[in-house]
Protein chains: 2
Amino acid sequence: MNRTLATETISLIGQKVLLKGWVDIKRDHGKLTFIELRDRTGRIQCVGFNKMSELLTQSAIEIIGMVKARPEKMVNPDMPTGTVEIDVEEYKVFAVPAETLPFDLGKAELDVELPTLLDHRPVSLRHPKVQAIFKIQAVIIDSFREFLKQNGFFEFQAPAITPAVAEGGAEVFEVNYFDKKAYLSQSPQLYKQIVMSAFERVFSVNKVFRAEPSVTTRHLTEIVSLDAEMGFIESWTDVKDMAENLIKYVFEQIEKQCPHELKMFDVKLPQTIEKTPTLSLTEAQEMIFQKLGKDMRGDKDLNPESERDICSIIKEETGSDLVFVYGYPTKKKPFYVYPNPENPEFNEGVDLLCRGVELLSGGRRINDYEQLLKHAKEWGMDTEKIKGFLEAFKYGVPPEGGFAFGAERITMQVLGLKNVREATMFPRDMERIDYKI
Amino acid sequence: MNRTLATETISLIGQKVLLKGWVDIKRDHGKLTFIELRDRTGRIQCVGFNKMSELLTQSAIEIIGMVKARPEKMVNPDMPTGTVEIDVEEYKVFAVPAETLPFDLGKAELDVELPTLLDHRPVSLRHPKVQAIFKIQAVIIDSFREFLKQNGFFEFQAPAITPAVAEGGAEVFEVNYFDKKAYLSQSPQLYKQIVMSAFERVFSVNKVFRAEPSVTTRHLTEIVSLDAEMGFIESWTDVKDMAENLIKYVFEQIEKQCPHELKMFDVKLPQTIEKTPTLSLTEAQEMIFQKLGKDMRGDKDLNPESERDICSIIKEETGSDLVFVYGYPTKKKPFYVYPNPENPEFNEGVDLLCRGVELLSGGRRINDYEQLLKHAKEWGMDTEKIKGFLEAFKYGVPPEGGFAFGAERITMQVLGLKNVREATMFPRDMERIDYKI
């Protein structure tokens, strides 16, 4: 007898099926025992006689039974299999819990503190609402790849071990590499520009590492970076448009593939409009001043409060939860960002803000070798240590740009999670690698 | 005028197009200059008057011209765009090389030594035959994911930074993690088993790190590991069958998506047959003894020569380039591998050999908590350091197994490359991180 999956049962009313999964919930009602069996597709209600009441929750079992339509008033609209239930005829146990669970997995909300949830990650990963987070994250990553492949981008694997601190900054992990020193990559930036110089349109899904010496709700030491880079652009706005269409595609795919997961979190995806509003930093500061009387004009960047302010203004005026802000002070951004030729003090970098926080960052890059070399020196880069990157630009690189965002941060943002650790299966920070260190 | 891509021109005969790309090859013939322009889809021949002879190769340019059918005798069957050429009307240069190329990119074969090729990776990546390697690798990785998604597997992100040396062995890199010690992951094995215990069928595409203190043609310190794990199996052969179908799917997709790339390497994909031959280690040793008179019976594993021998015998007898060998001595393999209940000295681990080398490794794992704990202790594992892994098995885990293989190794194998560094964009070894260290 072939196995049937939980969600397949809804079209098999009147048939005998073999199901396999975990006993997530068990309820005894007189002579009857109700269990909710969970497999990789979801949960299904099974009804058996009271010998099943001996089953411990989280046992791995198989069930043979008949698929029955539920009476209309018993239909559960919140459950994909809520129209049917299984009349259990026989069952077999593969494995029973060896110990009492550290917390109850049977409730709709997993009511435990974050450290406990992470200390028992193998257990918390079984909870449907925790699983929903990672299903949505998988869709985000997958639709990032899908969209870019559809647009002629080529996937490459960026290295994790690097010879030097490429972008500057002290927040880097050192690796004992035989008798030498190496570092964990902070960003695939320089590698993706190298690969772009050969393949034209490239993307990568790779780990990056930040030795953040602080424990906040938004920082991790290891994250999944979603990176793209494209050559032969006509303007930085080509990069912005690609990023906009990508993010909209990602949101569409979440909506399409994860309606039940979104419902569990009772969240709406960010509202988008046909043309995402786009302001220069100066215009954004002026708008904040005009509308709210807060004078941030001349600041080198938007601070967190200004990010929230500009998002609120744009939301109210246009309905869009997204807004692009471009044109940051050149000297405040990395050496490879392209200065606006008409006003070189400001660059052609662009950030996408969503509901008050930065979601994605990108822009046009310098493609001329001499200009890049000049900037690298002015920014105090060790040009010997980035010679591979510089070499790529010696041999003819067209106008180009790209963008990047973190898989955990966007998952957190979409689901309105309070802490980025919830959006990471095995979060690493200054104090934790699986457990407190 | 919208941009046209090189391979789109074949259906646009008689139309004026705008092309963008790099000048890969330039030939002067009297008054005419022929260039091969490369963009992300491939090369296209363009014919212009002799002012184009000033163009340096590898310049990034755009061309406006008319698509013309080539005369029949001028058709190039080895080139996807070999039926057409572009009559150049005008062109514009975006960027010219600032220096002479370190080697000639214009020949069909890139005739340089491997260290030179790697020292100038940004340049060698522009060569079509080098690009073919990574296009095939991208198809391998992508079809791995596609096949598993079609079969209900869920993608997760395995961590790179780990708290302990999980599988034993000294070949691990140490990370200076704030004021503590951490390690780079040698394998996502324990994490994929944890995630399987919640999601049932899981896979990951993640970096793993091996501090191999030797420089060989087959070893790298950083590789891309393709990992899968599945619960509710009935037997280890379910794992074997999944791996077999996966590998066949990967080969099919390479054949379908990369005919030109395969042709460049003049290679045939491994031959498969409907049921891949499957032998126990003992049977394989007996067969080698019977057919070749070499007595390796009783050896704990197949040595490289025996791997080649069994592959030759199977190829001759069945036509298959693939062969599964299962049932290794339990004590010689990691603690989590499932011992055959009828003969516990041998396990239910399985390797897939292809043309004389191991391509993939996997098998059934121990799913019973008590047995796993006993093995972990017998194998000398520090059970405190793998307590998360062990916890997963406390709460009901069904019979399960999985497999893994390296993206670089299979690319090397498919293309018959001599050195695994050719199958890695930015190979890391004891002596090299981008450059000699």
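Residues numbered from 1 in each chain as written. Chains lettered and ligands numbered in written order. Predicted model: local features only at pLDDT ≥ 70, side-chain atom pairs only at ≥ 80, totals over all residues. Heavy atoms only, no water.

### Describing the domain arrangement of chain A
All names here are of chain A. Cut-off, in case you're wondering: What counts as a domain boundary in this text is fixed by an automatic or database domain assignment. The term buried area denotes the loss of accessible surface (1.4 Å probe radius) that occurs when two parts are joined, taken as the sum for both partners.
Segmenting chain A into domains produces domain 1 (6–95) and domain 2 (128–436). Using only C-alpha atoms to locate each centre, domain 1 and domain 2 end up separated by 45 Å. Summing the contributions of domain 1 and of domain 2, the shared interface buries around 410 Å²; its carbon and sulfur component is 47%. Three residues, Arg38, Asp78 and Pro80, lead the burial of domain 1 against domain 2; their summed loss comes to 59% of the area buried on that side.

### Quick look at the sheet that holds strand 15 (residues 357–365) of chain A
All names here are of chain A. The test is simple: Any two strands with at least two DSSP-identified bridges between them are counted as paired. Numbering goes from the N terminus for both helices and strands, where a helix is a DSSP run of H or I of at least four residues and a strand is a run of E of at least two. In what follows, residue pairs with any heavy atoms lying within 4.5 Å of each other are defined as contacts. Axis geometry follows a simple rule: fit a line to the C-alpha atoms, using only the stretch in contact for helices, then measure angles between N-to-C directions, giving values from 0 to 180 degrees.
Read across the open sheet, the 8 strands follow the order 6-10-11-16-15-14-13-12; overall the sheet is mixed. Either end of the sheet is taken by a strand with one partner, and the two such strands are strand 6 (154–155) and strand 12 (278–280). Across 3 bridges, strand 12 lies against strand 13 (residues 322–326) in parallel orientation. If you follow threonine 278 over to strand 13, its bridge partner there is phenylalanine 324. Running at roughly 30° to strand 16 (residues 400–406), helix 5 (residues 236–257) makes contact with strand 10 (201–209), strand 11 (222–231), strand 12, strand 13, strand 14 (349–354), strand 15 and strand 16 of the sheet. Seen against the sheet, helix 7 (residues 281–292) touches strand 12 and strand 13 and runs at an angle of roughly 95° to strand 12.

### A few points about the packing of aromatic side chains
The cut-off we apply is this: Any two of the Phe, Tyr and Trp rings considered here, Trp counted by its six-membered ring, make a pair once their centres fall within 6.5 Å; the pair's planes then place it as stacked at under 30 degrees, edge-to-face at over 60, or tilted in between. Each residue's exposure class comes from its accessible area (1.4 Å probe, protein chains only) as a fraction of the maximum for that residue type: buried when under 20%, exposed when over 50%, partly exposed otherwise. Note on geometry: a ring has a charge over it if NZ (lysine) or CZ (arginine) is within 6 Å of the ring centre and within 35 degrees of the ring normal.
The full count for this structure, using the stated rule, is 28 aromatic pairs over all chains. Ring geometry for phenylalanine 147 of chain B versus tyrosine 249 of chain B: centroids 5.6 Å apart, planes at 45°, classification tilted. With phenylalanine 147 of chain B in helix 3 (residues 128–150) and tyrosine 249 of chain B in helix 5 (residues 236–257), the pair connects residues that are 102 residues apart, well separated along the chain. Taking relative accessible area as the criterion, tyrosine 249 of chain B reaches 16% and is therefore assigned buried. With 5.9 Å between their ring centres and 85° between their planes, phenylalanine 335 of chain B and phenylalanine 389 of chain B make a pair best called edge-to-face. Within this pair, whereas phenylalanine 335 of chain B is found in the loop between strand 13 (322–326) and strand 14 (349–354), its partner phenylalanine 389 of chain B is found in helix 10 (residues 387–394), the two being separated by 54 residues in sequence. A relative accessible area of 3% means that phenylalanine 389 of chain B is categorised as buried. A cation over an aromatic ring shows up here: lysine 129 of chain A above the ring of phenylalanine 265 of chain A, its NZ or CZ 4.8 Å from the ring centre.

### Describing the packing of helix 9 (residues 369–378) of chain B against helix 10 of chain B
Residue and element names in this part refer to chain B. Note the cut-off: Angle categories: roughly parallel below 35 degrees, roughly antiparallel above 145, roughly perpendicular from 65 to 115, and oblique for all the rest. In the scheme used here, Gly and all other residues not listed as nonpolar or charged are polar, with Ala, Val, Leu, Ile, Met, Phe, Trp, Tyr, Cys and Pro taken as nonpolar and Asp, Glu, Lys and Arg as charged.
Between helix 9 and helix 10, the least distance of the axes is 8 Å, while the angle of their chain directions is 155°. Between helix 9 and helix 10, the angle is such that the two are roughly antiparallel. Contact residues: helix 9 offers Tyr369, Leu372 and Leu373, while helix 10 offers Phe389, Leu390, Phe393 and Lys394. Residues of the contact of helix 9 with helix 10, tallied by class, amount to 6 nonpolar, no polar and 1 charged.

### Thoughts on the interface of chain B and chain A
Where we set the bar: The working definition used for a salt bridge is a side-chain nitrogen of Lys or Arg within 4 Å of a carboxyl oxygen of Asp or Glu. Contacts described as polar in this section are N or O atom pairs within 3.5 Å, which, within protein, must combine one atom able to donate a hydrogen with one able to accept it, while residues neighboring in sequence count only if both atoms come from side chains.
Each partner contributes to the interface: chain B provides 98 residues, whereas chain A provides 98 residues. It is Arg40, Phe232 and Tyr395 of chain B that lose the most area in chain B upon contact with chain A, and together they represent 10% of the buried surface on that side. Residue glutamate 155 of chain A pairs with arginine 145 of chain B through a salt bridge whose shortest N-O separation is 2.6 Å. At the boundary of chain B and chain A, one finds 53 residue pairs in polar contact (both at pLDDT 80 or more).

### Digging into the environment of phenylalanine 147 of chain A
All names here are of chain A. Given the relative accessible area of 8%, phenylalanine 147 is considered buried. Along the primary structure phenylalanine 147 and leucine 246 are separated by 99 residues, whereas in three dimensions their C-alpha atoms are 6.3 Å apart. Residues contacting phenylalanine 147, with those up to four places away along its chain left out, are Met242, Asn245, Leu246 and Tyr249.

### What about a nonpolar patch on the surface?
Convention followed: Nonpolar side chains (Val, Leu, Ile, Met, Phe, Trp, Tyr) are joined into patches within 5 Å and like charges within 9 Å, using only residues with over 30% relative accessible area and no salt bridge. To be clear on the numbers: accessible area is Shrake-Rupley with a 1.4 Å probe, and residue cover counts the displayed protein chains and nothing else.
Together, Leu56, Val93 and Val96 of chain A give the surface a local cluster of nonpolar side chains, amounting to about 240 Å² of exposed area. Within the fold, leucine 56 of chain A resides in the loop between strand 3 (42–49) and strand 4 (60–69).

### Overview of the confidence of the model for chain A
Note the cut-off: Each residue carries a pLDDT score, the predictor's confidence in it, ranging from 0 to 100.
On average, chain A scores 95 in pLDDT, and the residues at 70 or more come to 99%. Predicted complex metrics record ipTM = 0.96 and pTM = 0.97.

### A look at the side chain of glutamate 200 of chain B
Examined against the element boundaries, glutamate 200 of chain B turns out to sit in the loop between helix 4 (189–199) and strand 10 (201–209). Within the structure, glutamate 200 of chain B has its side chain in polar contact with the side chain of arginine 3 of chain A (distance 2.7 Å). A polar contact of 2.8 Å, which involves the side chain of glutamate 200 of chain B, links it to the backbone nitrogen of arginine 40 of chain A. With residues up to four places along the chain from it excluded, the contact list for glutamate 200 of chain B reads Arg3, Trp22, Asp39 and Arg40 of chain A together with Val195, Glu229, Met230, Gly231 and Phe232 of chain B.

### Description of the relation of the copies chain B and chain A
Formally: Copies overlap after least-squares fitting; the atoms used are the C-alpha atoms of residues with pLDDT of at least 70 in both.
Rotating chain B by 180° about the axis while translating it 0.0 Å along that axis superimposes it on chain A, leaving an RMSD of 0.0 Å. On the angle and the small slide along the axis, the relation comes out as a two-fold axis. Minimal C-alpha separation from the rotation axis in chain B is found for valine 175 of chain B, amounting to 2.3 Å.

### Some thoughts on the sheet that holds strand 13 of chain B
Residue and element names in this part refer to chain B. The sheet built from 8 strands is open, its strands ordered 6-10-11-16-15-14-13-12 with mixed pairing. Both edges of this open sheet fall to strand 6 (154–155) and strand 12 (278–280), since each of them pairs with a single strand only. Sheet topology places strand 13 next to strand 14; 5 bridges connect them, and they run antiparallel. In the sheet register, valine 323 faces strand 14, and the bridge partner there is leucine 353. Each of strand 6, strand 10, strand 11 (222–231) and strand 16 (400–406) is contacted by helix 3, which is oriented at about 155° to strand 10, the strand it contacts most.

### Side note on the pattern of salt bridges
For the structure shown, the criterion picks out 80 salt bridges over all chains. Between glutamate 286 of chain A and arginine 297 of chain A there is a salt bridge, with the nearest N and O atoms lying 3.7 Å from each other. One end of the pair, glutamate 286 of chain A, is in helix 7; the other, arginine 297 of chain A, is in the loop between helix 7 and helix 8 (304–318), and 11 residues separate them in sequence. Where arginine 365 of chain B meets glutamate 229 of chain B, a salt bridge forms, and the shortest distance between an N and an O atom there is 2.8 Å.

### Digging into helix 3 of chain B
All names here are of chain B. For the record, the criterion: The span one expects for a helix is its residue count, reduced by one, times 1.5 Å.
For helix 3, spanning 23 residues, the distance from its first C-alpha to its last is 32 Å, which sits close to the expected 33 Å at 1.5 Å a residue. Judged by how many residues are buried, helix 3 sits mostly within the fold: 19 of 23 residues are covered. Glycine 152 occupies a position one or two residues after helix 3 and carries a positive phi of about 80°.

### Concerning the pairing of strand 1 (residues 16–29) of chain A
Residues and elements named next belong to chain A. The sheet contact formed by strand 1 and strand 4 spans 7 bridges and is antiparallel. Within strand 4, the position partnered with glycine 21 by the bridge is isoleucine 61. Alignment of strand 1 against strand 2 (residues 32–39), held across 7 bridges, turns out to be antiparallel. Pairing of arginine 27 across the sheet is with phenylalanine 34, part of strand 2. The hairpin turn running from strand 1 into strand 2, its antiparallel successor, is 2 residues long, and glycine 30 in that turn takes a positive phi close to 60°.

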